[in-house]
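Residues per chain, in single letters:
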Amino acid sequence: TQLLEQSPQFLSIQEGENLTVYCNSSSVFSSLQWYRQEPGEGPVLLVTVVTGGEVKKLKRLTFQFGDARKDSSLHITAAQPGDTGLYLCAGPPHTSGTYKYIFGTGTRLKVLA
Amino acid sequence: NAGVTQTPKFQVLKTGQSMTLQCAQDMNHEYMSWYRQDPGMGLRLIHYSVGAGITDQGEVPNGYNVSRSTTEDFPLRLLSAAPSQTSVYFCASRNGYRQYFGPGTRLTVT
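Residues numbered from 1 in each chain as written. Chains lettered and ligands numbered in written order. Predicted model: local features only at pLDDT ≥ 70, side-chain atom pairs only at ≥ 80, totals over all residues. Heavy atoms only, no water.

Draft legend 1. Spatial organisation of the overall build of chain B. Check the secondary structure of chain B and you find 0 helices and 11 strands. Going from the N terminus to the C terminus, chain B shows its helices and strands as β-β-β-β-β-β-β-β-β-β-β. On C-alpha atoms alone, chain B measures out to a radius of gyration of 13 Å, which is about the 13 Å that the 2.2 N^0.38 rule sets for 110 residues. Overall, the C-alpha framework of chain B stretches about 35 × 25 × 25 Å when taken along its three principal axes. (Helix = DSSP H or I, 4+ residues; strand = E, 2+ residues; numbered from the N terminus. Rg over C-alpha atoms; globule rule 2.2 N^0.38 Å.)

Below, the structure is given as structure tokens:
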């Protein structure tokens, strides 16, 4: 079974702090995506990384795809209460083509004002 | 644009009952999929479709049927509901890397 493991599972921090969330697998992925999900809603796509070693920035969020395309990280600078939510990584394993996405188990972030 | 819509929002079924979860998208995406989300397990792919008339199984297809007669609609059928199917169900449509999720259907099977 191909898995995407996220760490930490839960994170509670004060406003203004920095944090990093990790997404790891033993399998190679064609691409990796990060989503944020709020209670009672569907996940919303934040970013897609495609090339090994790729770094993308979205305001205070920095996403990195590992050189071997087996892992990814999400770094948030100066977290704000609006960043609170469930963060999910997802992608298609290289052996599955582009149709079958695997989702990570999620990191639940709470940013306290 | 409405994006991806799902109905109903909530549903309670008794074991053995059948029902259809509806999903529609207005973005003309060829690829659509169904996921279930359970606590601590992320989202798991049930079935997907790469176009009208074409469907395939995902990671957890047992107990679910799908069909795709139009580009817009991708219903998910539970033929005989079981308590293990209690979950939140999300429909998604995708164009390239851009994947859009519906608001979800919370299903409880008693």
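Draft legend 2. Looking closely at the sheet that holds strand β8 (residues 76-78) of chain B. Residue and element names in this part refer to chain B. Judged by pairing direction, the sheet is antiparallel, and its 4 strands sit side by side in the order β1-β3-β8-β7 without closing on themselves. Single-partner strands in this sheet number two, and they are β1 (4-7) and β7 (64-66). Sheet twist, expressed as the mean angle between neighbouring strand axes with direction ignored, is 20°. As paired elements, β7 and β8 share 3 bridges and run antiparallel to each other. Bridge pairing in β8 links Val-66 to Leu-76. (Pairing = 2+ DSSP bridges. Axes fitted to C-alpha atoms, helices over the stretch in contact; angles between N-to-C directions.)

Draft legend 3. Structural context of the environment of A:Thr48. By secondary structure assignment, the location of A:Thr48 is in strand β5 (residues 44-49). For A:Thr48 and A:Ser31, which are 17 residues apart along the polypeptide, the C-alpha to C-alpha distance reads 6.9 Å. With residues up to four places along the chain from it excluded, the contact list for A:Thr48 reads A:Ser31, A:Leu32, A:Gln33, A:Glu54, A:Lys56 and B:Tyr97. Among the polar contacts listed, one links the side chain of A:Thr48 to the side chain of A:Gln33, at a separation of 3.0 Å. (Contact = heavy atoms within 4.5 Å. Polar contact = N/O pair within 3.5 Å; in protein donor to acceptor, adjacent residues only side chain to side chain.)

Draft legend 4. View of the pairing of β5(A). All names here are of chain A. Most of β5 is tucked away: 5 of the 6 residues are buried. Taken together, the 5 bridges between strand β4 (residues 32-37) and β5 define a ladder with antiparallel strand orientation. Each bridged residue has a counterpart across the sheet, and for Arg-36 the counterpart in β5 is Val-44. In this structure, the hairpin formed by β4 and β5 is closed by a connection of 6 residues, where Gly-40 is found at a positive phi of approximately 80°. (Buried < 20%, exposed > 50% of the residue type's maximum accessible area, 1.4 Å probe, protein only.)

Draft legend 5. Spatial organisation of unusual backbone geometry. Residue A:Pro8 is reached from A:Ser7 by a cis peptide bond, and omega for that bond is -10°. Looking at the secondary structure, you find A:Pro8 in the loop between β1 (5-7) and β2 (10-14). B:Pro8 follows B:Thr7 through a cis peptide bond whose omega is -5°. Counting through the fold element by element, B:Pro8 comes out in the loop between β1 and β2 (10-13). Its identity is not glycine, yet A:Lys59 carries a phi of approximately 55°, on the positive side. The residue A:Lys59 is located in the loop between β6 (55-58) and β7 (61-65) in this model. One non-glycine residue, A:Arg69, lies in the positive phi region at around 60°.

Draft legend 6. Local environment of the state of the cysteines. Taken as a whole and assessed by the stated rule, the structure comprises 2 disulfides over all chains. The side chain of A:Cys23 participates in a disulfide bridge whose partner is A:Cys89; the two sulfur atoms lie 2.0 Å from each other. What sets the handedness of the A:Cys23 and A:Cys89 disulfide is the S-S torsion sign, and at about 80° it is right-handed. Taken together, the residues A:Cys23 in strand β3 (residues 19-24) and A:Cys89 in strand β9 (residues 85-91) connect sequence positions 66 residues apart. With a sulfur-sulfur separation of 1.8 Å, B:Cys23 is cross-linked through a disulfide to B:Cys91. Its torsion about the S-S bond being -70°, the disulfide of B:Cys23 and B:Cys91 is classed as left-handed. Of this pair, B:Cys23 sits in strand β3 (residues 19-25) while B:Cys91 is found in strand β9 (residues 87-95), placing the two residues 68 residues apart along the sequence. Side by side, B:Cys23 and B:Cys91 carry an identical accessibility label, which is buried. (Disulfide = S-S within 2.5 Å.)

Draft legend 7. Expanded view of the side chain of B:Gln6. Residue and element names in this part refer to chain B. One can find Gln-6 in strand β1. Residue Gln-6 is classed as buried on the basis of its relative accessible area of 7%. Among the polar contacts made by the side chain of Gln-6, one reaches the main-chain amide nitrogen of Cys-91 at a distance of 3.0 Å. One polar contact links the side chain of Gln-6 to the main-chain amide nitrogen of Gly-104, over a distance of 3.1 Å.

Remember that the coordinates give geometry; whether it matters functionally is a separate question.
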